[in-house]
Amino acid sequence: MPKLTDTPAWRALKAHLTTVRAQTMREMFRADPARFDKFSLQLGGLLLDYSKNLITGETRTLLLDLARQSKLDVWMARMFSGEKINTSEHRSVLHTALRAPRDAEIFVDGKNVVPDVHRVRDHMRSYTDAIRNGRLRGHTGKLLRDVVNIGIGGSALGPLMACEALKPYGHPEMRAHFVSNVDAADIAETLKQLDPETTLFIVSSKTFTTQETLANAHTARAWLVQHLGTEAAVANHFAAVSTNITATSEFGINHEHVFEFWDWVGGRYSLWSAIGLPIALYLGMDNFEQMLAGGHAMDKHFREAPLECNMPVMLGMLGVWYANFLDAGTHAILPYDQYLHRFPAYLQQLEMESNGKRADREGNTVDYATQVVIWGEPGTNGQHSFYQLIHQGTRLVPADFFAPINSHNPIGAHHAMLLSNCFAQTEALMLGKTADEARAELEAQGLRGAELEALLPYKLFPGNHPTNTLLYERLDPHMLGMLIALYEHKTFAQGVVWNINSFDQWGVEFGKQLAGKLLPELQGGHPVTSHDSSTNALINRCLSQGL
Ligand code: F6P
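Residues numbered from 1 in each chain as written. Predicted model: local features only at pLDDT ≥ 70, side-chain atom pairs only at ≥ 80, totals over all residues. Heavy atoms only, no water.

Trainee: Is there a simple way to think about empty space enclosed by the protein in this case?
Mentor: Gaps left between atoms are located by rolling a probe of water-molecule size over the structure's atoms. Scanning all chains against the criterion turns up 4 cavities of 30 Å³ or more. In this structure, the largest cavity encloses a volume near 90 Å³. Looking at the lining of the largest cavity, the elements with two or more residues in it are helix 14 (311-325), strand 10 (330-335) and helix 20 (477-497). Among the elements that make up the lining of the largest cavity, the one with the highest residue count is helix 14 (3 residues). Per-class residue counts for the lining of the largest cavity are 6 nonpolar, 5 polar and 2 charged. Space inside the second largest cavity adds up to approximately 70 Å³. As for the second largest cavity, its lining consists of Leu98, Val117, Val120, Arg121, Met124, Glu260, Trp262, Trp272, Ser273, Ala274 and Phe288. Considering every element that reaches the lining of the second largest cavity, the biggest residue donor is helix 6 (residues 114-133), with 4 residues. (1 Å grid on protein atoms, 1.4 Å probe; cavity = no way out; pocket = protein on both sides within 12 Å on 5 of 7 lines; lining within 4 Å. Points joined across faces, edges and corners; volume = space filled by probe spheres on them. Helix = DSSP H or I, 4+ residues; strand = E, 2+ residues; numbered from the N terminus. Nonpolar A, V, L, I, M, F, W, Y, C, P; charged D, E, K, R; others polar.)

Structure, rendered in structure tokens:
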């Protein structure tokens, strides 16, 4: 197999760079009034405007040639059919099966997994209905109204992001809390707000071996037992979600409150499984199923739409264009939707844990860039912080902007102001401001001569900064499901092009191993000499100062 960077599609894109660099987006828009129509896509209330990118029609053709050359269609079919494409862990990759309809058939090792998916979903419905309507109550008979999810990474970020995103659909008397960090401050500050009689803990862990989650779960359990005065209270106040059912029963969780999922669901792809239990509790199962339906609609689109009309493919290939041909090192996620304030953090794990890798599927070290750094904050807050760098700094920062056409909170002019800022930013980033324009503005302000010329360089904006805009009718459960699945498939498409396995995460193991070795040293009380001088000094300083 030729090296990716030597393949015809890659070489063609390299050669094409000079054509794209020879023109600005401002010129492209001026030359082609139909540019928006040519570079935008719609799917069920979601508009993707990708016209403000550093691309021509030919760039798109060449990027899609690269996708075809990478056999994206073959990889898609392999993933959806349950083939074990996560080769380093010998696992299928079937988060899409979690949102498949009841009559679908998807096989893993000869077994149709869809009935199991729906069995657990039915269990989630009966449990969440019972908690919400008060049929299942706490140990002292009170309604359970505070739900605390104890989990980390994929067992936290998705449910947290979704509960925040869909707050307008939340049960008016229920609150969802999320404890992840092993830093005791996380659980301690959460517990301070809670009444044990009305609190339900969900211990969420795919493996049920994660140090942070087990430490928090034991602390929560001790707090509950101490306040309610009996171990018996654990039965009503704890549920668990895991693939490791032996470990959940060892922890003492009532098996009727244990929700199973399977090794073919990756942690960062698991919010569609029972890991979504806090979402279902807070929003109700009907809303959770709407989210699944949104994810399924995006699956259908990804599988069936031709590549040139395929949203995840376009987002993925644009990312490849910037990472590999225009040397972007980061990608900003900028929701003009406060409800999506944890979406950047969610996408960080999704994309960076999936594709932040350097060994390809054959075990070779790649000689091209893979995943860029994902980061971001909601607009308009970011405008008063880091947008300065995007507008006038020296780096290329492609960005995705998100905005709802309709607000859940139609108060005064807030929403019009929000949208005006969103659209103004993408316009300004694309257009920039030339010396002539800046000079005219300064003259209009009464500046002349040396004073004007001295200020002029600071008033210039190079523009030509690429952005996508995702505009949707309203952020409801179905739309959120579509958006999440859109980025899952974008991530998959990029992994296919980069020839990496997007579904393992060996990179997180090394730090865990070393922490395991360090813990007894920090607890042992004796000065250490076995590490490098920096690590020794840090440990010994803690020991000498009373740890
Ligand atoms: O540290 C990485 C990771 O394995 C993630 O991939 C996963 O989402 C998270 O830890 C939590 O793992 P678990 O659900 O097994 O507790």
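Trainee: Where do I start with the pattern of salt bridges in this structure?
Mentor: Two side chains carrying opposite charge are able to pair once their charged atoms lie near each other. Summed over the entire model, instances satisfying the criterion amount to 33 salt bridges. Across the salt bridge formed by Lys38 and Asp32, the nearest N and O atoms sit 2.7 Å from each other. Connected through shared salt-bridge partners, Lys111, Asp116, Arg119 and Glu260 make up one network. (Salt bridge = Lys/Arg side-chain N within 4 Å of Asp/Glu carboxyl O.)

Trainee: Just to check I follow, could you spell out the sheet that holds strand 5 (residues 146-150) for this structure?
Mentor: Strand pairing within a sheet occurs via backbone hydrogen bonds; the two strands may be parallel or antiparallel. Judged by pairing direction, the sheet is parallel, and its 5 strands sit side by side in the order 6-5-7-8-9 without closing on themselves. One side of each edge strand has no neighbouring strand; the edge strands of this open sheet are strand 6 (175-179) and strand 9 (258-260). Ignoring which end each strand starts from, the neighbouring axes of this sheet average 20° apart. Relative to strand 7 (residues 199-204), strand 5 is paired through 5 bridges, and the arrangement is parallel. Bridge pairing links Ile150 to Val203 in strand 7. Across the sheet, helix 8 (residues 184-192) touches strand 5, strand 6 and strand 7, and the angle it forms with strand 6 is around 160°. (Pairing = 2+ DSSP bridges. Axes fitted to C-alpha atoms, helices over the stretch in contact; angles between N-to-C directions. Contact = heavy atoms within 4.5 Å.)

Trainee: So what exactly am I meant to see when it comes to the sheet that holds strand 10 here?
Mentor: A sheet is described by the order of its strands in space; here 6 strands give the open sequence 1-2-13-12-10-11, paired in mixed fashion. For this open sheet the edge positions go to strand 1 (40-43) and strand 11 (373-375), each flanked by a neighbour on one side alone. Averaged over all neighbouring strand pairs, the angle between strand axes comes to 15°, with direction disregarded. Here 4 bridges tie strand 10 to strand 12 (residues 399-404), and the two strands are oriented parallel to one another. Residue pairing for strand 12: Pro335 is matched across the bridge by Phe402. Its contacts with the sheet put helix 14 on strand 1, strand 2 (46-49) and strand 13 (467-472), and the angle it makes with strand 1 is roughly 145°. Contacting strand 10, strand 11 and strand 12, helix 15 (residues 343-355) runs over the sheet at an angle of about 165° to strand 11.

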